[in-house]
Amino acid sequence: FFFFFFFQAEDGIRDVERSRGLGDVYKRQELYEIAYDDCDNIMEKVEKLREQIKEFDRRWARFEKIYVLELILIDKDARRFVLQAIELDSKMRACEISESLKGSVSVNTAVYDLLRRKFVALCGKINAVANSVGKGRDDLSLEILLAAEETCRTITDNKSRAMRKLAGKIKETFASLRQVFRKYSHCIELIDPELSNNQDLLTALVNFEKAWERGKNFLINARANKVLLEFSEHVEGLAEKYEAIKEKMESMDAEIFITIPSLAILRSLDDNNNDMYSIYYPEVQSNPKEAKAFNELKKMYKEMRRKGERHKVYNEVERAILENETRKAKREMKKLLHEIKRLAILLQRNKPSDWNTLMEIAMGIV
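Rules behind the numbers
Residues numbered from 1 in each chain as written. Predicted model: local features only at pLDDT ≥ 70, side-chain atom pairs only at ≥ 80, totals over all residues. Heavy atoms only, no water. Core = buried A, V, L, I, M, F, W, Y, C linked by side-chain atoms within 4.5 Å. Buried < 20%, exposed > 50% of the residue type's maximum accessible area, 1.4 Å probe, protein only. Helix = DSSP H or I, 4+ residues; strand = E, 2+ residues; numbered from the N terminus. Contact = heavy atoms within 4.5 Å. Phe/Tyr/Trp six-rings, centres within 6.5 Å; stacked < 30°, edge-to-face > 60°. Salt bridge = Lys/Arg side-chain N within 4 Å of Asp/Glu carboxyl O.

Colleague: I keep staring at the nonpolar core and nothing clicks. Help me out?
Modeller: Across soluble globular proteins, you tend to see nonpolar side chains buried next to one another. Formed by 90 residues in total, the largest nonpolar core has its most connected members in Phe-181, Trp-212, Phe-231, Met-276 and Val-317. A total of nine residues in this core trace back to one element, the largest contributor, which is helix α4 (residues 157-186). When sequence neighbours within four positions are dropped, the list of residues in contact with Val-317 reads Leu-266, Tyr-301, Met-304, Met-333, Leu-336, Leu-337 and Ile-340.

Colleague: Whenever I open this one, the packing of aromatic side chains confuses me. Can you help?
Modeller: Two measures describe an aromatic ring pair: the distance that separates the ring centres and the angle between the ring planes. Using the criterion set out here, one finds eight aromatic pairs in the structure. Measuring from ring centre to ring centre gives 6.2 Å for Phe-174 and Trp-212, while their planes differ by 35 degrees; the resulting arrangement is tilted. With Phe-174 in helix α4 and Trp-212 in helix α5 (residues 199-220), this residue pair connects regions lying 38 residues apart in the sequence. For the pair Phe-174 and Trp-212, a shared accessibility class is recorded, and that class is buried. Through successive ring pairs, a cluster of aromatic residues spans Phe-119, Phe-174, Phe-181, Phe-208 and Trp-212.

Colleague: What's the story with the environment of Gly-237 in this structure? I'm lost.
Modeller: Mapped onto the secondary structure, Gly-237 falls in helix α6 (residues 222-241). Along the primary structure Gly-237 and Ser-160 are separated by 77 residues, whereas in three dimensions their C-alpha atoms are 9.6 Å apart.

Colleague: What exactly am I supposed to notice about the pattern of salt bridges here?
Modeller: Two side chains with opposite charge may pair up if their charged atoms get near one another. Taken as a whole and judged by the stated rule, the model has 31 salt bridges. Put simply, Lys-102 and Glu-99 hold a salt bridge, and the shortest N to O gap is 3.5 Å. Look at Lys-102 and you get exposed, because its relative accessible area is 60%. In this structure Glu-99 comes out as buried when scored by relative accessible area, which is 14%. Two residues, Lys-183 and Asp-200, come together in a salt bridge whose shortest N-O distance is 2.3 Å. Of this pair, Lys-183 sits in helix α4 while Asp-200 sits in helix α5; the two residues are 17 residues apart in sequence, bridging distant segments of the chain. Overall, Asp-200 belongs to the partly exposed group, its relative accessible area being 27%. Salt bridges sharing partners connect three or more residues here, namely Asp-89, Arg-93, Glu-96, Arg-178 and Arg-182.

So, in structure tokens, the structure goes:
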């Protein structure tokens with residue numbers, strides 16, 4: 001007889017880790033209790049976090065409300081000057097229309113001048129805030145515009161085209177600013193509260209500052225005005241007299257920046273006018289060494305004039321400066337040309353920025 005026995009393995013017998021009896025069961029119960037306790041703590045923390053988030057949300061909403069109100073106030077404050085400028089321009093236009101209906105070509109009333117004065121002062125404030133390209137000057141007054149208008153009335157093109165061009169530029173920039181504010185009056189929302197971001201306004205302010213700064217330096221200052229008038233008249237006369245000078249001025253040839261001051265010095269020697277030096281190179285009078293050299297130069301030129309005809313000597317020296325040729329010149333002429341050129345260089349180096357501005361205006365670059 002054959003007997004066959006079948007054994008069925010119960011659940012858990014083949015586990016890798018064998019059971020260690022009731023002790024192991026108790027340990028598992030402790031772990032479950034700890035896990036339940038931790039779960040309760042987590043739920044409390046989640047609930048606490050939820051309340052904190054709600055509180056944060058309430059406070060953030062209050063902050064946003066205050067922040068938006070502040071932005072609105074900043075926006076209104078930034079536009080305040082522009083709104084005032086728009087209002088002043090509107091009043092100026094009303095005066096202009098009123099006078100034109102009476103048949104007047106220009107407006108010459110105290111009310112109109114007061115409005116223009118306020119408008120220019122306001123433009124200065126806006127320029128100080130918005131002109132991030134230039135200097136942001138706020139000291140440019142109505143007197144500059146009045147001087148420009150006077151220049152246009154009294155100075156003809158035959159006298160000085162350069163001065164008329166500068167005066168015209170001052171009037172033009174004033175009109176351009178008014179035009180910008182007039183455009184904004186139709187839609188104030190077009191204005192960026194950061195005024196320097198308004199490109200049309202910024203461009204108008206940069207041009208306004210540049211032209212009016214030059215007007216203040218050359219139209220308001222009587223001595224500088226006289227020097228510019230004489231200097232520009234001389235430069236324009238040279239351009240008409242010599243085609244080579246005209247071409248060099250148009251092409252901004254580097255040589256012109258030595259030739260023109262040298263010719264200006266020659267003219268000052270001829271008519272004994274020292275106004276140019278008093279502004280651009282006062283050392284000629286205050287520095288003993290330079291004063292001595294300048295006096296010797298004047299004596300040298302006078303001696304040359306004494307020996308020959310005045311106009312003939314002047315024309316000879318002028319041609320020598322223009323041709324920049326000293327090899328064939330006589331010893332006395334060489335010495336004179338050398339001293340004139342030396343003084344021309346010193347004249348430019350003493351106040352280079354001011355001198356370059358004078359040169360630019362005289363050559364019609366405004």
